[in-house]
Amino acid sequence: RNSAPRAMSTASSPSRPSPRASTPSTSTTRATTLEFKCAACASLLNFINAPAVPANATLEESFVLLAPELASRERRERSAALEASSNARGGAHGGQFGDSFVVLSRGARRARDEGLDIKASTLSRIFDIASDMSDVDHPLCDACADMALAEVKRRTAQAESECAAYEETLERLREAEDETNATNDDVGNISHAVEDLELAEREAEETIQALEAELEATRAARSKLAKKAAALDEAEETYWHEFHAFKKNLNAHLEKRDSILARIEQAQTHVGRLEKTNVFNDAFHIWTDGAFGTINGFRLGRLPNAVVEWDEINASFGLTCLLLHSMARMCKFTFTQYKLMPLGSFPKVRDANGNVFELYGPFSIISSHKYDKAILGFLTCLSELAEFMRARDVRQQVNPPFELPYSISGDKVDGKKMSFTFNRDENWTSALRLMLTDLKLMLAWCSHKDS
């Protein structure tokens, strides 16, 4: 069902409320605006867009749709009134009214006949019915309606809380009743339970007797175990004494071992450092001093402007011969044509026939050829050892193999004559310097192979 359109209301003044709605104002012309006062604050209410009612409206159109509660209450009142009237007249009243509407009273029809607005009369009647069915008078403005709605919500919440409390109490009463019924049911089983308990008591007594016998046996066993525990404690104490003594000896041995290991490590470090040390570089230091080649600071050769004594030259040749002889021994090489005889500052060279040539001066012009042969034998030995080094590198696939920086051919070094007779001092000194350079490179080769 569809109800009539709702009218919009606005409050215009906060005056003191009246208990009922005031009588609506009327005019000769039917307007679409209805005026009522709020029953709570007496503010003027304006109903906007209210539908107009024709002046010639009939009785059939003079009804209004009500809510079910309002319609039920109005129906009861009308039924009671009609029943009283019927009893007074002695006859039956008419048919029943519908649930969804209320027929307006004759007063309403008279008001229409007298020229009052049917809509205003109808709304006034509706407000009266609503006021009778509630604790709040109607109509209400928006603010008062909100306050009334808030109060209704508060009371509703309070009622719901009370209902929940009542339901909880009722549930508790039901549970208590169920427990009482269960208790009554258990009373019948008490006698059976007592009998079972008596039987259990007898069984428990028998069990206690058995346990007492077992307890005596356990105490005897405990006494034996206590004696064994005392013996074990004594053995444990003895063990710990021996253990600590052993631990002390072990720590002493460990300290001694650590000391020995530290000394071994130190010795190994020293040995490693010694192994990396090249004795030849310290014993035979080959260098240069201007145009001279030197070995251990002794110059080898002479120049017109720098006269070198034969004692210094002899010492240089003695060290050179000793170095070449030592390198051959380290390489386990044997010379084939000549044999070097390092004798300090008086070195000599012996050929395959047993002839000995001095490699020291001074000498006379007659014996100078022996000095030249000694130099030739020295260069021959140096060339043989260089060839041995090259062959060894080739055999070990060293790339590039060893090679002298200045080649030796007979008594010449890099084309410069090294013999003393009929040779200029500058050429002789330069050839000796180149020979020392070759010898230094051979010393580096030996040091590398030894390491």
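What counts, and where the lines are drawn
Residues numbered from 1 in each chain as written. Predicted model: local features only at pLDDT ≥ 70, side-chain atom pairs only at ≥ 80, totals over all residues. Heavy atoms only, no water. Helix = DSSP H or I, 4+ residues; strand = E, 2+ residues; numbered from the N terminus. Buried < 20%, exposed > 50% of the residue type's maximum accessible area, 1.4 Å probe, protein only. Contact = heavy atoms within 4.5 Å. Areas by Shrake-Rupley, 256 points an atom, 1.4 Å probe, with all protein chains shown as cover. Expected span 1.5 Å × (residues − 1). Core = buried A, V, L, I, M, F, W, Y, C linked by side-chain atoms within 4.5 Å. Pairing = 2+ DSSP bridges. Salt bridge = Lys/Arg side-chain N within 4 Å of Asp/Glu carboxyl O. Polar contact = N/O pair within 3.5 Å; in protein donor to acceptor, adjacent residues only side chain to side chain. Phe/Tyr/Trp six-rings, centres within 6.5 Å; stacked < 30°, edge-to-face > 60°.

Peer 1: Outline the overall build of the protein chain, supporting the account with residue identities and numerical values.
Peer 2: Helix and strand counts for the protein chain come out as eight helices and 13 strands. Put simply, the protein chain has 451 residues, and 28% of those count as buried. Partitioning the contacts of the protein chain with sequence separation of at least 6, the portion at a separation of at least 24 is 60%. Here the protein chain has roughly 30,500 Å² of accessible surface; of this, 54% comes from carbon and sulfur atoms.

Peer 1: Could you give an account of helix H6 (residues 310-330), naming the residues involved and the relevant values?
Peer 2: End to end, H6 covers 30 Å across 21 residues, agreeing with the expected 30 Å (1.5 Å per residue, within 8%). For H6, a buried count of 16 out of 21 residues is recorded, marking the element as mostly surrounded by other parts of the structure. Immediately downstream of H6, the backbone of Lys-332 shows phi near 55 degrees, a positive value.

Peer 1: An account of the environment of His-448 is requested, with residue identities and associated values reported.
Peer 2: Mapped onto the secondary structure, His-448 falls in helix H8 (residues 425-450). Under the relative-accessibility criterion, His-448 is labelled exposed at 58%. A sequence separation of 170 residues divides His-448 from Asn-278, and the C-alpha atoms of the two residues are 9.2 Å apart.

Peer 1: Please set out the nonpolar core residue by residue, giving values where relevant.
Peer 2: Phe-317, Leu-324, Met-435 and Met-442 are the most contacted members of the largest nonpolar core, which totals 52 residues. Looking at this core element by element, the count peaks at 11 residues for H8. Each residue touching Leu-324, except ones within four places of it in the same chain, is listed here: Phe-335, Leu-340, Phe-378, Cys-381, Leu-382, Leu-385, Leu-439 and Met-442. Counting 11 residues, the second-largest nonpolar core is a separate cluster that includes Cys-38, Phe-127, Leu-140 and Cys-144.

Peer 1: Hey, could you go over the sheet that holds strand S12 (residues 412-413) for me, with residue numbers and the actual values?
Peer 2: Spatially, the three strands line up as an open sheet ordered S11-S12-S13, and their pairing is antiparallel. Looking at strand neighbours, the two that pair on one side only are strand S11 (408-409) and strand S13 (416-417), the edges of this open sheet. As judged from the two bridges shared by S12 and S13, these two strands associate in the antiparallel manner. Paired with Lys-412 across the strands is Lys-417, a residue of S13.

Peer 1: If you had to explain the pattern of salt bridges to someone new, which residues and values would you point to?
Peer 2: Scanning all chains against the criterion turns up seven salt bridges. Across the pair Glu-151 and Arg-154 runs a salt bridge, and its minimum N-O distance is 2.5 Å. Taken as a pair, Glu-151 and Arg-154 lie in helix H4 (residues 142-276) at a separation of three residues, close to a single helical turn. Take Arg-154: its relative accessible area is 44%, and that puts it in the partly exposed class.

Peer 1: Let's hear about the side chain of Thr-320: which residues, and what values?
Peer 2: The topology assignment puts Thr-320 in helix H6. Side-chain polar atoms of Thr-320 contact the backbone oxygen of Ser-316, separated by 2.8 Å. When sequence neighbours within four positions are dropped, the list of residues in contact with Thr-320 reads Ile-295, Leu-300, Phe-378, Met-435, Leu-436 and Leu-439.

Peer 1: Could you give me a rundown of the packing of aromatic side chains, with the residues and numbers involved?
Peer 2: Taken as a whole and judged by the stated rule, the model has 17 aromatic pairs. Seen from their ring centres, Phe-317 and Tyr-371 are 6.3 Å apart, and the 90 degrees between their planes marks the pair as edge-to-face. In this pair, Phe-317 is assigned in helix H6 and Tyr-371 in helix H7 (residues 368-395), connecting sequence segments 54 residues apart. With respect to class, Phe-317 is no different from Tyr-371; both count as buried. Look at Phe-420 and Trp-428: their rings are 5.0 Å apart centre to centre, the planes differ by 75 degrees, and that puts the pair in the edge-to-face class. Classification of Phe-420 by relative accessible area gives buried; the value is 19%.

Peer 1: A description of helix H3 (residues 118-133) should follow, citing residues and the corresponding values.
Peer 2: Given a rise of 1.5 Å per residue, 16 residues ought to cover 22 Å, and the 23 Å separating the end C-alpha atoms of H3 matches this to within 8%. Every buried residue belonging to H3 is among Ile-118, Lys-119, Ala-120, Thr-122, Leu-123, Ser-124, Ile-126, Phe-127, Ile-129, Ala-130 and Ser-131, and all of these are buried.

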